[in-house]
Amino acid sequence: MSSAVYRATINFADKFVPQKLRPLWEHPAGPKTVFFWSPLFKWGLVLAGIGDMNRPVEKVSIRQSGALAATGFIWSRYSLVIIPKNWSLFSVNMFVGLTNLYQVVRVLLHKNKEKAITQ
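Residues numbered from 1 in each chain as written. Predicted model: local features only at pLDDT ≥ 70, side-chain atom pairs only at ≥ 80, totals over all residues. Heavy atoms only, no water.

**Here's the deal with the overall build of the protein**
Note the threshold: The helix and strand labels rest on DSSP assignments: H or I over at least four residues marks a helix, E over at least two residues marks a strand, and numbering proceeds from the N terminus. Note on exposure labels: buried denotes an accessible area under 20% of the residue type's maximum, exposed denotes more than 50%, and partly exposed covers the range between, all computed with a 1.4 Å probe on protein chains only. Note on definitions: a residue-residue contact is assigned when non-hydrogen atoms from the two residues lie within 4.5 Å. Here, Shrake-Rupley sampling with a 1.4 Å probe gives the accessible areas, and only protein chains in the shown set may cover a residue.
Helices and strands together make up the secondary structure of the protein, namely five helices and zero strands. Ordering the α and β elements of the protein from the N terminus gives α-α-α-α-α. Dimensions of the protein along its principal axes, counting C-alpha atoms only, are 70 × 30 × 25 Å. Counting only residues that meet the buried cut, the protein has 28% of its 119 residues in that class. The contacts of the protein with a sequence gap of at least 6 include a subset with a gap of at least 24, amounting to 64%. Within the structure as shown, the protein displays about 8,400 Å² of accessible surface, and the carbon and sulfur contribution to it stands at 68%.

**Some thoughts on the pattern of salt bridges**
The line we're drawing: Counted as salt bridges are all cases of a side-chain nitrogen of Lys or Arg within 4 Å of a carboxyl oxygen of Asp or Glu.
Taken as a whole and judged by the stated rule, the model has five salt bridges. Taken together, the shared-partner salt bridges in this structure form one network comprising Asp14, Arg22, Glu26 and Lys32.

**Examining the packing of helix α4 (residues 62–81) against helix α5 (residues 87–118)**
This is how the line gets drawn: All axes are obtained by fitting lines to C-alpha atoms, using only the stretch in contact for helices, and the reported angles, taken between N-to-C directions, cover 0 to 180 degrees. Angular relationships are summarised with four words: roughly parallel below 35 degrees, roughly antiparallel beyond 145, roughly perpendicular across 65 to 115, and oblique for the angles in between. By the definition used in this description, the sense in which the near helix is turned from the far one sets the handedness, with an anticlockwise turn below a right angle giving left-handed and a clockwise turn giving right-handed. Gly falls in the polar group here, along with every residue not listed as nonpolar (Ala, Val, Leu, Ile, Met, Phe, Trp, Tyr, Cys, Pro) or charged (Asp, Glu, Lys, Arg).
Contact pair α4 / α5: the axes reach a minimum separation of 7 Å and the direction vectors enclose 150°. Classed by the angle they form, the pair α4 and α5 counts as roughly antiparallel. Between α4 and α5 lies a crossing of left-handed hand. Per-class residue counts for the contact of α4 with α5 are 16 nonpolar, nine polar and one charged.

**Some words on the packing of helix α3 (residues 34–51) against α5**
When two helices pack together, their arrangement is captured by the angle between the axes and the distance separating the axes. Where α3 meets α5, the axes come as close as 9 Å, and the angle between the chain directions of the two elements is 15°. In this view, α3 runs roughly parallel relative to α5, as classed from their interaxial angle. Crossing geometry of α3 relative to α5 is assigned as left-handed. For the pair α3 and α5, the contacting residues are Pro39, Lys42, Trp43, Leu45, Val46, Gly49 and Ile50 in the first and Ser88, Leu89, Ser91, Val92, Asn93, Phe95, Val96, Thr99 and Gln103 in the second. Residues that form the contact of α3 with α5 fall into these classes: nine nonpolar, six polar and one charged.

**Some thoughts on the layout of surface pockets**
For clarity, the threshold we go by: Note on definitions: the grid is 1 Å and covers protein atoms alone; a cavity is a set of points where a 1.4 Å probe fits but cannot get out; a pocket is an open set with protein on both sides within 12 Å along at least five of seven lines; lining residues have an atom within 4 Å of a point. Grid points are joined across faces, edges and corners, and a volume is the space filled by probe spheres set on the points.
Estimates place the volume of the largest pocket at around 160 Å³. Around the largest pocket, the lining is made up of 13 residues, and of these Asp52, Gln64, Ser65, Leu68 and Asn100 lie nearest the centre. If you list the elements that add at least two residues to the lining of the largest pocket, you get α3, α4 and α5. Taken together, the residues that form the lining of the largest pocket break down as four nonpolar, six polar and three charged.

**Structural notes on α5**
This is how the line gets drawn: Expected helix span is taken as 1.5 Å per residue step, with the number of steps being one fewer than the number of residues. Pairing of N or O atoms within 3.5 Å defines a polar contact, subject to two protein rules: one partner must be a possible hydrogen donor and the other a possible acceptor, and residues neighboring in sequence count only if both atoms are side-chain atoms.
Spanning 32 residues, α5 covers 47 Å between terminal C-alpha atoms, matching the ideal 46 Å at 1.5 Å per step. Regarding α5, the residues found buried are Leu89, Val92, Asn93, Val96, Gly97, Thr99, Asn100, Gln103, Val104, Arg106 and Val107. Looking at the buried residues of α5, the elements they touch are α3 and α4. N-capping of α5 is provided by Asn86, with a side-chain oxygen placed 3.3 Å from the backbone N of Ser88.

**Observations regarding α4**
Heads up, the rule is: What the arc measures is the spread of directions leading from the helix axis to the C-beta atoms.
The terminal C-alpha atoms of α4, which comprises 20 residues, lie 29 Å apart, in line with the 28 Å expected from a rise of 1.5 Å per residue. Among all positions of α4, only Ser65, Ala69, Gly72, Ser76 and Ser79 are buried. Each buried residue of α4 lies within a common arc of 100° when the element is viewed along its axis, so the set occupies one face. Facing away from the buried side of α4 by over 90 degrees, the exposed positions are Arg63, Ile74 and Arg77. Packed against the buried residues of α4 are α5.

These results come straight from atomic positions and should not be treated as a statement about function.
Set out below in structure tokens:
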């Protein structure tokens with residue numbers, strides 16, 4: 001049922017796509033596929049990671065940030081070996097990995113500083 005609604009929506013939208021945007025619209029990783037929408041919504045994780053940069057370091061979860069960093073880097077690699085290569089997915093996953101790696105480093109530096117103070 002939902003795929004029929006999706007196809008009907010795409011067929012309707014096809015009529016309104018300007019000729020200049022046709023190559024993007026028809027691309028194997030274009031708006032007609034999950035390869036386009038998945039990375040688009042995943043930018044929300046990047047925005048959340050950037051927002052966490054202002055969060056007190058004591059409240060940052062090293063496990064969560066580490067898992068997101070690892071996931072970001074693993075999926076970055078995957079996005080370059082699938083066909084079609086998905087550069088949008090690559091870039092969003094790199095940013096997910098980098099923003100969360102920053103959080104991990106932040107927590108580790110804070111813990112080392114606390115350890116040095118107590119000794």
